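# An overview of the molecular structure
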Amino acid sequence: MVNLAIRVGVNALALWLTALVVPGIRLGEESPSLSNRLVTILLVAVVFGIVNAAMKPVVTFFSLPFIVLTLGLFTIVVNAAMLAITAWVSGGLGLDFSIDSFFWSAILGALVLSFISMLLSTFVPDPARPRA
């Protein structure tokens, strides 16, 4: 349970930093108070985790020929699609997360989010990895 909370926190921080860096991605900007903004960021991170767990394996499987053909670069498009789906679901839930355009904002957001998540994951202990 603690590992899940840490992963949600890492996702929330990565999404928030991505929204700060990438123009066209907005996350929690309309919330007047800091507590409402933090709750929005955490809930969007939970939605993002659910979308990645439920849909990303299916989308990756069906796009496998494109991933092989582009030597893995198509995974950026898959990640951008997961961001766009998260924005769509979040909008339906009344959460303040939006992406202006798929091609520029979502693709650049997927690259930045992957990089930030990779950096943050180096500081989080992995319980599956044995310690030396």
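Residues numbered from 1 in each chain as written. Predicted model: local features only at pLDDT ≥ 70, side-chain atom pairs only at ≥ 80, totals over all residues. Heavy atoms only, no water.

This brings us to the overall build of the chain. For the chain, the helix and strand inventory stands at six helices and two strands. Scanning the chain from its N terminus toward the C terminus, one meets helices and strands in the order α-β-α-α-α-α-β-α. Here the C-alpha atoms of the chain give a radius of gyration of 15 Å, agreeing with the 14 Å that 2.2 N^0.38 yields for 132 residues. Taking the principal axes of the C-alpha coordinates as reference, the chain spans close to 45 × 45 × 25 Å. Relative to all contacts within the chain whose residues are 6 or more apart in sequence, the contacts with residues 24 or more apart total 71%. Surface summary for the chain: the accessible area is close to 8,200 Å², and the carbon and sulfur share equals 75%. Each charge sign in the chain was given a centre, from 6 positive and 5 negative side chains, and these centres are 14 Å apart. (Helix = DSSP H or I, 4+ residues; strand = E, 2+ residues; numbered from the N terminus. Rg over C-alpha atoms; globule rule 2.2 N^0.38 Å. Contact = heavy atoms within 4.5 Å. Areas by Shrake-Rupley, 256 points an atom, 1.4 Å probe, with all protein chains shown as cover. Lys, Arg positive; Asp, Glu negative; His and termini not counted. Charge placed at Lys NZ, Arg CZ, Asp CG, Glu CD.)

At a minimum axis distance of 8 Å, the contact between helix 5 (residues 74–92) and helix 6 (residues 102–121) shows a crossing angle of 105 degrees. Taken together, the axes of helix 5 and helix 6 lie roughly perpendicular to each other. Side by side, helix 5 and helix 6 meet where Ile76, Val77, Asn79, Ala80, Ala81, Leu83 and Ala84 of the first sit next to Phe102, Ala106, Ile107, Gly109, Ala110, Leu111, Leu113 and Ser114 of the second. Partitioned by chemical class, the residues of the contact of helix 5 with helix 6 number 12 nonpolar, three polar and no charged. (Axes fitted to C-alpha atoms, helices over the stretch in contact; angles between N-to-C directions. Parallel < 35°, antiparallel > 145°, perpendicular 65-115°, else oblique. Nonpolar A, V, L, I, M, F, W, Y, C, P; charged D, E, K, R; others polar.)

In this section: helix 6. All of the buried residues in helix 6 are Ser105, Ala106, Ile107, Gly109, Ala110, Val112, Leu113, Ile116, Ser117 and Leu120. Buried residues along helix 6 sit against helix 1 (2–21), strand 1 (25–27), helix 2 (34–54), helix 5 and strand 2 (97–99). (Buried < 20%, exposed > 50% of the residue type's maximum accessible area, 1.4 Å probe, protein only.)

This paragraph deals with unusual backbone geometry. Positive phi, close to 55 degrees, is recorded for Leu71, a residue that is not glycine. Position of Leu71 relative to the elements: it lies in the loop between helix 4 (64–69) and helix 5.

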